[in-house]
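# Chains, contacts and geometry: an overview
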Amino acid sequence: MALKVNLRHLEEHELHLKGDLPVEELDFGLQDEMMAVGKPLHYDLQVEKVPHGLLVQGKLKLPLDCRCVRCLKPFEKRIELPHWTLHLPLEGEEKTPVNNDCVDLTPYAREDMLLEFPQHPVCKPDCAGLKKDRHDKAETIPPAWNELDKLNI
């Protein structure tokens, strides 16, 4: 179930789209072990027909399941685009593809969300990272350090 707009519904008035887009439809293709998308993309959009195109405005929200690159603790990062705006031309060289009178907004939402993904997720800006514990003057390696050995960097 992609995020599609039927152009015939826009002939008389604008549309208000609100809902969740499943993770399977987004196909982010993440290969980063420190991030995963497990929850759907929430959208709240206004779509209106303008001369020679479509204007889409609204909000996009996506929770990411992350692991901090400094301390390896899991945390959730919410990516929000509160003023997402998209202009799609329906004429000319850069014409938006129309299939059975429908325009798919999914690729545009996916692309703009991907641009907001953190390159190195950190649980908090002042995260101190992994600390070595000292017991009886002998250094022991905390189990979190073992997780670093598993990463292919």
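Before going into details, it helps to say that this report is about the structure given with it. No experiment lies behind these values; they were computed from the predicted model shown.

### So, the pairing of strand β4 (residues 41-50)
Relative to β4, strand β2 (residues 15-21) runs antiparallel, the two being bridged by 7 bridges. Within β4, the position partnered with Lys-18 by the bridge is Asp-44. Sheet analysis places β4 next to strand β5 (residues 53-67), joined by 9 bridges and oriented antiparallel. Counterpart to Glu-48 in the pairing with β5 is Leu-55. What sits between β4 and β5 in their antiparallel hairpin is a turn of 2 residues, with His-52 showing a positive phi close to 70°.

### A word on the pairing of strand β6 (residues 74-89)
As paired elements, β5 and β6 share 14 bridges and run antiparallel to each other. Note that in β6 the partner of Gly-53 across the bridge is Pro-89. A loop of 6 residues connects β5 with β6, the two strands running antiparallel in sequence, and Leu-72 in this loop sits at a positive phi of about 70°.

### Overview of unusual backbone geometry
In the Ramachandran plot, His-52 falls in the positive-phi region, its phi being about 70° despite a non-glycine side chain. Mapped onto the secondary structure, His-52 falls in the loop between β4 and β5. Residue classification places His-52 among the exposed positions, given a relative accessible area of 53%. A positive phi angle is found at Asn-100, which is not glycine, with a value near 55°. Summarising the element assignment, Asn-100 is placed in the loop between β6 and β7 (102-104). Exposure remark for Asn-100: the relative accessible area of 68% places this residue in the exposed category.

### A few points about the side chain of Thr-106
Topologically, Thr-106 is positioned in helix α2 (residues 106-114). With relative accessibility at 3%, the residue Thr-106 sits in the buried group. If we skip the residues at most four places from it in the chain, Thr-106 touches Ala-2, Leu-3, Leu-21 and Glu-25.

### Considerations on the side chain of Thr-96
Within the secondary structure, Thr-96 sits in the loop between β6 and β7. When residues no more than four places from it in sequence are discounted, the contact partners of Thr-96 are Leu-88, Pro-89, Leu-90, Val-103 and Tyr-108.

### Concerning the environment of Glu-11
In this fold, Glu-11 is placed in the loop between β1 (4-6) and β2. In sequence terms Glu-11 and Cys-66 are 55 residues apart; their C-alpha atoms lie 43 Å from each other.

### Focus on the nonpolar core
Of all hydrophobic cores here, the largest spans 36 residues; its most connected members are Leu-45, Leu-60, Leu-105, Met-113 and Phe-117. At the level of secondary structure, the elements contributing two or more residues to this core comprise β2, β4, β5, β6 and α2. Once residues lying within four places of it in the same chain are set aside, the contact partners of Leu-45 are Leu-3, Leu-15, His-16, Leu-17, Val-56, Gln-57, Gly-58, Lys-59, Leu-60, Trp-84 and Leu-105.

Thresholds, definitions, all that
- For every chain, the first residue of the written sequence is number 1, and numbering continues from 1 onward in sequence order.
- A pLDDT threshold of at least 70 governs which residues receive local features in this predicted model, and a stricter bar of 80 or more applies before side-chain atom pairs are shown or counted, although totals over entire chains, interfaces and linings include all residues.
- Computation of side-chain values covers all heavy atoms of the structure but excludes hydrogens and water.
- Strand pairing is assigned whenever DSSP detects at least two bridges linking the two strands.
- Every helix listed is a DSSP run of H or I at least four residues long, and every strand listed is a run of E at least two residues long, numbered separately from the N terminus.
- Classification of residues uses two cut-offs on accessible area relative to the type maximum, computed with a 1.4 Å probe and protein chains only: under 20% is buried, over 50% is exposed, and between them is partly exposed.
- Only heavy atoms matter for contacts: two residues are in contact if any of them lie within 4.5 Å across the pair.
- Buried Ala, Val, Leu, Ile, Met, Phe, Trp, Tyr and Cys residues that are joined via side-chain atoms within 4.5 Å together make up what is termed a nonpolar core.

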